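# Survey of secondary and tertiary structure
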Amino acid sequence: QLQLVESGGGLVQPGGSLRLSCAASGFTLGYYGVAWFRQAPGKEREGVSCISSDGGSTNYADSVKGRFTISRDNTNNTVYLQMNSLKTDDTAIYYCAADTLWITTVQGLCVMSASAFGYWGQGTQVTVSS
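Residues numbered from 1 in each chain as written. Predicted model: local features only at pLDDT ≥ 70, side-chain atom pairs only at ≥ 80, totals over all residues. Heavy atoms only, no water.

### Some thoughts on the overall build of the protein
How we decide: For the purposes of this entry, the term helix denotes a DSSP run of H or I that reaches at least four residues, the term strand denotes a run of E that reaches at least two, and both are numbered from the N terminus. For the radius of gyration, the atom set is restricted to C-alpha positions; the globular benchmark scales as 2.2 Å times the number of residues to the power 0.38. Accessibility here uses a 1.4 Å probe with only protein chains present; expressed as a share of the type maximum, an area under 20% marks a residue as buried, one over 50% as exposed, and anything in between as partly exposed. Residues count as neighbours in contact if any of their non-hydrogen atoms are within 4.5 Å of one another. All accessibility values rest on the Shrake-Rupley procedure with a 1.4 Å probe; residue burial counts only the protein chains present in the view. For the purpose of charge, His is not counted, nor are the chain termini; Lys and Arg are scored as positive and Asp and Glu as negative. Charged groups are reduced to one reference atom each: NZ for lysine, CZ for arginine, CG for aspartic acid, CD for glutamic acid.
A count of helical and extended segments in the protein gives one helix and 11 strands. Of the regular secondary structure in the protein, the N- to C-terminal order runs β-β-β-β-β-β-β-β-β-α-β-β. Compactness check: the protein gives a C-alpha radius of gyration of 14 Å against a globular reference of 14 Å for 130 residues, within 12% of the reference. Evaluated residue by residue, the protein yields a buried proportion of 46% over its 130 residues. Residue pairs at least 24 apart in sequence account for 61% of intrachain contacts in the protein once pairs closer than 6 positions are excluded. Approximately 6400 Å² of the protein is accessible, and the part contributed by carbon and sulfur atoms is 47%. Computed over 8 positive and 9 negative side-chain charges, the separation of the two mean positions in the protein equals 4 Å.

### Details of the nonpolar core
Under the convention used in this document: Buried Ala, Val, Leu, Ile, Met, Phe, Trp, Tyr and Cys residues that are joined via side-chain atoms within 4.5 Å together make up what is termed a nonpolar core.
Judged by nonpolar contacts, the single largest core of 29 residues is most densely connected at Trp 36, Leu 81, Met 83 and Tyr 94. Mapped onto this core, the elements with two or more residues apiece are strand 3 (18-25), strand 4 (33-39), strand 5 (46-51), strand 7 (68-73), strand 8 (78-83), strand 9 (92-99) and strand 11 (124-128). Filtering out sequence-adjacent residues up to four positions away, Tyr 94 remains in contact with Glu 6, Leu 20, Trp 36, Phe 37, Arg 38, Val 48, Phe 68, Leu 81, Met 83, Gly 123, Thr 124 and Val 126. If you look at the next biggest cluster of nonpolar residues, it comprises seven residues, including Phe 37, Cys 50, Ala 97 and Cys 110.

### Observations concerning the sheet that holds strand 3
As a reminder of what qualifies: Here, any two strands with at least 2 DSSP bridges between them count as paired. With axes taken as lines fitted to C-alpha atoms, and helix axes fitted only over the stretch in contact, angles between N-to-C directions fall between 0 and 180 degrees.
The strand order across the open sheet built from four strands is 1-3-8-7, with neighbouring strands paired in antiparallel fashion. At either margin of the open sheet sits one strand with a lone partner, and together these are strand 1 (3-7) and strand 7. Between one strand axis and the next, the sheet turns through 15° on average, direction left out of account. Both strand 3 and strand 8 contribute to a ladder of six bridges, which runs antiparallel. When the sheet's bridge partners are listed, Leu 18 is paired in strand 8 with Met 83.

### Considering unusual backbone geometry
Positive phi is not limited to glycine here, since Asn 77 has a value of about 60°. By the secondary structure assignment, Asn 77 is in the loop between strand 7 and strand 8. Look at Asn 77 and you get buried, because its relative accessible area is 15%. Unlike most non-glycine residues, Ser 85 shows phi in positive territory, near 50°. Classification of Ser 85 as partly exposed rests on a relative accessible area of 40%.

### Points about the pairing of strand 7
Across the two faces of strand 7 the burial differs, with Phe 68, Ile 70 and Arg 72 buried and Thr 69, Ser 71 and Asp 73 not buried at all. The sheet contact formed by strand 7 and strand 8 spans six bridges and is antiparallel. For Asp 73, the partnering residue across the bridge sits in strand 8 and is Thr 78. Linking two consecutive strands that pair antiparallel, namely strand 7 and strand 8, is a turn of four residues; a positive phi of about 60° is found at Asn 77 within it.

### Brief notes about the pattern of salt bridges
Stated formally: Criterion for a salt bridge: a side-chain nitrogen of Lys or Arg within 4 Å of a carboxyl oxygen of Asp or Glu.
Enumeration according to the criterion identifies four salt bridges in this entry. Arg 38 is the salt-bridge partner of Asp 90, the closest N and O atoms lying 2.9 Å from each other. With a gap of 52 residues between them, Asp 90 in the loop between strand 8 and strand 9 and Arg 38 in strand 4 connect regions that are remote in the sequence. Residues Asp 90 and Arg 38 agree in their burial class; the two are buried. With a closest N to O distance of 2.7 Å, Asp 90 and Arg 67 form a salt bridge. In this pair, Asp 90 is assigned in the loop between strand 8 and strand 9 and Arg 67 in the loop between strand 6 (58-60) and strand 7, connecting sequence segments 23 residues apart. Judged by relative accessible area, Asp 90 falls into the buried class, the value being 2%. Classification of Arg 67 as buried rests on a relative accessible area of 11%. Residues participating in the shared-partner salt-bridge network are Arg 38, Glu 46, Arg 67 and Asp 90.

Okay, here's the thing in structure tokens:
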């Protein structure tokens with residue numbers, strides 16, 4: 001079956017770091033752009049970062065620029081989100097999703113519009129607290 005599974009979440013103090021992983025099974029993740037989204041209690045889901053299928057293009061939400069880095073290892077069918085200098089406002093459930101819009105794939109672009117993503121993981125909890 002087609003699955004995306006996030007891992008790497010947990011409890012960390014402000015200023016700490018976590019690395020999230022998004023592993024695909026049942027399909028080749030390298031054919032798709034991937035984005036990380038997050039949703040905090042009482043807030044709307046927001047795009048965090050995205051990466052094109054070949055890794056050549058990335059985008060970041062302003063709130064995480066300079067602190068988070070998205071990368072991918074298509075050999076291992078995995079996308080990562082390295083999160084440094086974590087803040088309490090980063091507390092959320094983090095989801096990865098695969099972009100199923102063909103045009104973004106062929107253009108080598110990535111987007112963070114939720115409507116573009118057909119496959120979603122179950123989420124992993126990130127809690128930043130002292």
